[in-house]
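# Observations on the three-dimensional arrangement
Residue strings, one per chain:
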Amino acid sequence: MVYALCLVLIAIGLYGVVVKKNVVKIVISLAIIEYGINVLLVLIGYRSGGCAPILQQGMTAATLVANSVDPLPQALVLTAIMINLGMLILMVAICIRLYERYGTFDITEMRRLKG
Amino acid sequence: MENALPFFVAIPLGAAFFIPLVSLTLKWVPDLLANAVMAVLAAMAFLTIGQAGFYHMGGWGTHLGIDLRLDGLTTLMLVTINTIGLAMAIFSVQYMTKYTSKLRYYSLFLCLIAGLNGIVLTGDLFNLYIFMEIVAISSYALVAFGCEHDELEAAFKYAVLGTVASAFILIGIALLYAMLGTLNMAEMAVKLAAGGMNMPLTVALGLFLCGFGLKAALVPFHAWLPDAHPAAPAPVSAMLSGVVIKTAGIYVLSRLIFNVFTVQLVPDLFSILRLFGVVSMIVGGILALGQWDMKRLLAYSSISQIGYIVVGLGLGTPLGLTGALFHMLNHSVFKSLLFLNAGAVEYATGSRDLRHLGGLSRNLPFTANMSLLGSMAISGIPPFNGFWSKLIIVLACIESGHPWLALAAVAMSLVTLVAVLKMLKRAFYEEHKPLTVHATEVPVLMRAAMLLLATLCVVLALLVLTGLRTPFLIAPAVDALSTWAGTAPGQGMGI
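From a predicted model like this one, the values you see are computed outputs, not experimental measurements. (Residues numbered from 1 in each chain as written. Chains lettered and ligands numbered in written order. Predicted model: local features only at pLDDT ≥ 70, side-chain atom pairs only at ≥ 80, totals over all residues. Heavy atoms only, no water.)

## What about the overall build of chain A?
For chain A, the count of helices and strands is four helices and zero strands. On the principal axes, the C-alpha backbone points of chain A span a range of 65 × 30 × 20 Å. A burial count over chain A gives 35% of its 115 residues as buried. Restricting to contacts in chain A with at least 6 residues of sequence separation, those with at least 24 account for 50%. As displayed, chain A offers around 6900 Å² of accessible surface, 68% of which is attributable to carbon and sulfur atoms. Considering chain A, the positive charge centre built from 9 side chains and the negative charge centre built from 5 side chains are found 6 Å apart. (Helix = DSSP H or I, 4+ residues; strand = E, 2+ residues; numbered from the N terminus. Buried < 20%, exposed > 50% of the residue type's maximum accessible area, 1.4 Å probe, protein only. Contact = heavy atoms within 4.5 Å. Areas by Shrake-Rupley, 256 points an atom, 1.4 Å probe, with all protein chains shown as cover. Lys, Arg positive; Asp, Glu negative; His and termini not counted. Charge placed at Lys NZ, Arg CZ, Asp CG, Glu CD.)

Next comes the structure, spelled out in structure tokens:
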């Protein structure tokens, strides 16, 4: 069920990328896709009632493994968030330059390349 | 040699950050440093020939840490990336003076090299995703480098499609991790072979095909390439067309298809690849005919040549793989050469529109000869390297019982010849146009880069002398693809 909601989030983002005409809205839609994937990744490592994967005092490694959630997807998500940040900054910078050149954010008016 | 593997990523990455620090006051540093770095990397790449091994990052074992692995295919890709990169760095010294910020260019260029080397070295799927994003971000920035209307529009289109492709790939990786509980590709292969396919894994494979298909510009996903590749500065176009689409697309696809998911698990995989390949080959070749922009014509022809490579991979036989990998190496050499020629024409005349060019063989005799050589190589005229790799692909098609594919490959070779002849005739022969009367030959370092690639076009043809079925450098790569599946790290690699 929760997995399906992630896919809905990704699908909303894809819809935005395909349908929206404003370049900034397209960038926001891309960000939504990435959020959907990040939530999906965290969910994959989730275990119902699990504890944080930190070795506390008086806890053996075996009990930690038995009770904690999977830490690897969380590390992956942190990395993915940083990558997305870099991508977002670059794309917003391109949007600003596009506005300087074309005087509009409307993608239908940027049609110099075809064929 | 294993201990040197991280330096393929560390050296260019370090230099990429070092260049902006020192070159604000010393203007000559970026040129020198970038060329020195690429020369060292190319030499290191040649030293890896014939070697194999692992490097465990941070000393953790295979299951816990990240592996770098070196095998025949990795060596082939490292040699391609770093040799072409060296030629591009030499070309850039004088070509990039017409742009404003050389130090930012070199910084991005070296990031691109670091990412490409990382993709081919890593044995970990998520690590591969990270390196792929490094490549992607630096190539979006390099496509937008001119900051004019066309460049920005192309970069935006490329960035949106590339990000969607990356998203698909990341979902695929998440599904694989959820099902198999590991990110190491060799361990994945073992678990897949033991457990068989199921629905989520099939979805993941489909997502990978779409995602990496877009990175490789296979035909239904090719729309960004003819915009993005011409918009970039010439050395970057050459790098994108010659190396990036192959590394981020074809290399990763073949690793996944031959080494992780195997054809035993997914019987239809090869016919899907052949379909993608033949459609790309035909559509790219025909669309190239109608182009008037030199670089755009070459970009469409890249799609067509990628089709050849994918058809070769899709045959699945050792001969087909040999042809595909040989063609991958050859295409990166002659396509880079042709893009550099287009860059030289643009440098000399300020235009790459074939309708405004003509008669340049009298002003730029050296560039004209190099173009002629590159064109003959790409359209498969006998003594050059393109002929031999296409011949191997055609032979492999016939040998594995696909005469129609062989016919399509031969026919599209002729179409390629027509397209490049159109470019040659309009640009270099015919009468002078107003734009081309006063053009002069390009500077010496640009000519040196073209000469290096042209020499490679001839030298690579000699590889077939070491055996049509087992060419030097290619045969170990074919072995790596066909024997890797199902072997855990440390087994079956001769270490």
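## What to know about the packing of helix α4 (residues 71-102) of chain A against helix α5 (residues 125-143) of chain B
α5 of chain B packs onto α4 of chain A with a crossing angle of 10° between their chain directions and a minimal axis gap of 10 Å. When the interaxial angle is binned, α4 of chain A and α5 of chain B end up roughly parallel. Contact with α4 of chain A, carried on its side by Leu76, Thr79, Ala80, Ile83, Gly86, Met87 and Leu90 of chain A, involves Phe126, Tyr129, Ile130, Glu133, Ile137, Tyr140 and Ala141 of chain B of α5 of chain B and no other residues of that element. By residue class, the composition of the contact of α4 of chain A with α5 of chain B is 11 nonpolar, two polar and one charged. (Axes fitted to C-alpha atoms, helices over the stretch in contact; angles between N-to-C directions. Parallel < 35°, antiparallel > 145°, perpendicular 65-115°, else oblique. Nonpolar A, V, L, I, M, F, W, Y, C, P; charged D, E, K, R; others polar.)

## Looking at a nonpolar patch on the surface
Residue and element names in this part refer to chain A. A cluster of nonpolar side chains, Met1, Val2, Leu5, Val8, Leu9, Ile12, Tyr35 and Val39, forms an exposed patch at the surface whose accessible area comes to about 780 Å². Among the secondary structure elements, those contributing two or more residues to the nonpolar patch are α1 (2-19) and α2 (23-44). Element by element, the count of residues in the nonpolar patch is highest for α1, at five residues. Structurally, Tyr35 is set in helix α2. (Patch = residues over 30% accessible without salt bridge, like charges linked within 9 Å, V, L, I, M, F, W, Y side chains within 5 Å. Salt bridge = Lys/Arg side-chain N within 4 Å of Asp/Glu carboxyl O.)

## Comments concerning the packing of helix α13 (residues 318-349) of chain B against helix α15 (residues 365-378) of chain B
Residues and elements named next belong to chain B. Where α13 contacts α15, the axes come no closer than 9 Å and their chain directions differ by 150°. For the element pair α13 / α15, the angle class is roughly antiparallel. Remark: the crossing between α13 and α15 carries left-handed chirality. Residue-level contacts link Phe334, Lys335, Leu337, Leu338, Asn341 and Ala344 of α13 to Thr367, Met370, Ser371, Gly374, Ser375, Ala377 and Ile378 of α15. (Left-handed = near helix turned anticlockwise from the far one by under 90°.)

## Description of the packing of aromatic side chains
Residue and element names in this part refer to chain B. The full count for this structure, using the stated rule, is 15 aromatic pairs over all chains. With centroids separated by 4.6 Å and ring planes inclined at 5°, the aromatic side chains of Tyr158 and Trp224 adopt a geometry described as stacked. In this pair, Tyr158 is assigned in helix α6 (residues 149-180) and Trp224 in the loop between α8 (199-216) and α9 (225-231), connecting sequence segments 66 residues apart. The exposure class assigned to Tyr158 is buried, which follows from its relative accessible area of 8%. On the basis of relative accessible area, Trp224 is assigned to the buried category, the value being 2%. Pairing Phe258 with Phe270 gives two aromatic rings, centres 5.5 Å apart and planes at 35°, and the pair type is tilted. Here Phe258 is found in helix α10 (residues 234-260), whereas its partner Phe270 is found in helix α11 (residues 269-289), with 12 residues between them in sequence. Put simply, the rings of Phe91, Tyr95, Tyr99, Tyr105, Tyr106, Phe109, Phe145 and Tyr347 pair up and form one aromatic cluster. Of note, Lys390 hangs over the ring of Tyr308, and the distance from its end group to the ring centre comes to 4.8 Å. (Phe/Tyr/Trp six-rings, centres within 6.5 Å; stacked < 30°, edge-to-face > 60°. Lys NZ or Arg CZ within 6 Å of the ring centre and 35° of its normal.)

## Quick look at unusual backbone geometry
All names here are of chain B. Even without being a glycine, Cys147 presents a positive backbone phi close to 55°. With respect to the secondary-structure elements, Cys147 resides in the loop between α5 and α6. A positive phi angle, close to 60°, is found at Ala217, a residue other than glycine. Turning to its location among the elements, Ala217 is positioned in the loop between α8 and α9. Take Ala217: its relative accessible area is 1%, and that puts it in the buried class.

## Regarding the interface of chain B and chain A
In this complex, chain B contributes 32 residues to the contact, which on the side of chain A involves 37 residues. Both faces combined, the contact of chain B with chain A buries some 3200 Å², and carbon together with sulfur accounts for 77% of it. At the surface where chain B touches chain A, the tally comes to zero salt bridges. Seen at the junction of chain B and chain A, the total is five residue pairs in polar contact (both at pLDDT 80 or more). (Buried area = accessible area lost by both parts, 1.4 Å probe. Polar contact = N/O pair within 3.5 Å; in protein donor to acceptor, adjacent residues only side chain to side chain.)

## A closer look at helix α12 (residues 294-315) of chain B
If you check α12 of chain B, its first and last C-alpha atoms are 32 Å apart, about what 22 residues at 1.5 Å a residue would give, namely 32 Å. Taken across its 22 residues, α12 of chain B has 22 buried, putting it largely inside the fold. (Expected span 1.5 Å × (residues − 1).)

## Remarks on the pattern of salt bridges
Residues and elements named next belong to chain B. Using the criterion set out here, one finds nine salt bridges over all chains in the structure. Here Asp31 and Lys102 are joined by a salt bridge, their closest N and O atoms 3.0 Å apart. In this pair, Asp31 sits in helix α2 (residues 29-47) while Lys102 sits in helix α4 (residues 102-121), placing the two residues 71 residues apart along the sequence. Since its relative accessible area comes to 19%, Lys102 is described here as buried. In this structure, the salt-bridge partner of Asp227 is Lys157, at a minimum N-O distance of 2.6 Å. Taken as a pair, Asp227 in helix α9 and Lys157 in helix α6 lie far apart in primary sequence, 70 residues in all. Among the charged side chains, a salt-bridge network with shared partners connects Lys157, Asp227 and Arg296.

## So, the side chain of Thr75 of chain B
All names here are of chain B. Summarising the element assignment, Thr75 is placed in helix α3 (residues 72-95). For Thr75, a relative accessible area of 4% corresponds to the buried category. Sequence-distant contacts of Thr75, defined by excluding residues within four places in its chain, comprise Thr48, Ile49, Gln51, Leu70 and Leu473.

## Here's the deal with the environment of Ala217 of chain B
For the pair Ala217 of chain B and Ile303 of chain B, spaced 86 residues apart in sequence, the C-alpha separation works out to 6.5 Å. Among all residues touching Ala217 of chain B, those that are not within four sequence positions of it are His222, Trp224, Leu225 and Ile303 of chain B.

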